[in-house]
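Each chain is listed here by its residues.
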Amino acid sequence: MRAPLLAALLLLGAVPAWAAEEPSGCDKFKWPIERERAALTAPDRAKLASGGEIAALPSTGVTLALAAPADAKLPTPPERAPKEGTFAGFTSVKTAPKAGLYTISLSAGGWVDIVQDGHFVKPKAFSGATDCEGIRKTMKYELSASPFVLQVSGARENSISIAILPTE
């Protein structure tokens, strides 16, 4: 009697992991990603060290160097604690963007915190998919016309491409 019960419990435990699988493929994003994907893979992406500043929003993506979370010196503790063995970093956008809706996209998995006027800005929408070359996730944020800090944590690699584009 114990063996069938144990087998049933093991199978039930596997269901949440299976059910939580993310969509796979570029066609699984909730909105068109062609512009963001092009920005993330553009050959002329600027390279930034963690803590570097972006004077004004670039029309293409940037590649941000990341460090171990303890060495990243994030200005604000991330809302989600980074896992052991991951990387983190940040950049400051010093020139205030025009107020409006922006997509912030990442080439790989990671947690994004946007800090503007001393507060976390929550995403208005999120979409992500695995197995789409050049882009892993994209989020929409309503930004005000003031400088902000973009923090990335929980990334598996020591650099990540980021695109910050006004929503069309």
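Sequence positions are assigned chain by chain, starting from 1 and proceeding in written order. In view of the model being predicted, local features appear only for residues whose pLDDT reaches at least 70, and side-chain atom pairs are presented and counted only at 80 or more, with totals across whole chains, interfaces and linings using the full set of residues. Water and hydrogen atoms play no part in the side-chain values, which are based on all heavy atoms of the structure.

Colleague: Which parts of the structure should I look at to understand the state of the cysteines?
Modeller: Two cysteines form a disulfide when their sulfur atoms are joined by a covalent bond. What counts as a disulfide here is a pair of cysteine sulfur atoms lying within 2.5 Å. In this structure the tally under the stated criterion is one disulfide. Disulfide pairing places Cys 26 opposite Cys 132 at an S-S distance of 2.0 Å. Because the torsion about its S-S bond is 105 degrees, the bridge between Cys 26 and Cys 132 counts as right-handed. Residue Cys 26 is located in the loop between α1 (2-19) and α2 (34-41), and its partner Cys 132 is located in the loop between β8 (125-128) and β9 (137-143); the two are separated by 106 residues in the primary sequence. By relative accessible area, which is 28% here, Cys 26 ends up partly exposed. Going along the chain from the N terminus, every DSSP run of H or I of four or more residues is numbered as a helix, and every run of E of two or more is numbered as a strand. Only protein chains enter the accessibility calculation, which uses a 1.4 Å probe. A residue is then buried if its area is under 20% of the maximum for its type, exposed if over 50%, and partly exposed in between.

Colleague: Can you help me understand unusual backbone geometry in this one?
Modeller: The backbone phi angle of Lys 73 is positive, close to 55 degrees, even though this residue is not glycine. Its identity as a non-glycine residue notwithstanding, Asp 131 has a phi of 60 degrees, on the positive side. With respect to the helices and strands, Asp 131 occurs in the loop between β8 and β9.

Colleague: Hey, could you run me through the pairing of strand β11 (residues 159-166) in this one?
Modeller: Each regular strand shows side chains that alternate between the opposite faces of the sheet. Among the eight residues in β11, six count as buried, and that is most of the element. In short, DSSP must find at least two bridges between two strands for them to pair. Bridge analysis of strand β3 (residues 62-65) against β11 gives four bridges, and the strand direction is antiparallel. Note that in β11 the partner of Thr 63 across the bridge is Ser 161. Two strands pair when backbone bridges link them, and strand β5 (residues 100-106) and β11 are joined in this way by five bridges, in the antiparallel orientation. By the bridge assignment, Thr 103 is partnered in β11 with Leu 165.

Colleague: Got a minute to help me understand the pattern of salt bridges in this structure?
Modeller: Two side chains that carry opposite charge are able to pair once their charged atoms sit near each other. Only one rule defines a salt bridge in this text: a Lys or Arg side-chain nitrogen within 4 Å of an Asp or Glu carboxyl oxygen. Scanning the entire structure with this criterion turns up three salt bridges. With a closest N to O distance of 3.8 Å, Arg 35 and Glu 36 form a salt bridge. When its relative accessible area of 4% is taken as the criterion, Glu 36 is described as buried. Across the pair Glu 79 and Lys 122 runs a salt bridge, and its minimum N-O distance is 2.5 Å. Within this pair, whereas Glu 79 is found in the loop between α3 (69-72) and β4 (87-93), its partner Lys 122 is found in the loop between β7 (119-121) and β8, the two being separated by 43 residues in sequence. For Glu 79, a relative accessible area of 40% corresponds to the partly exposed category.

In short, the description is geometric, and any link to function would need to be established separately.
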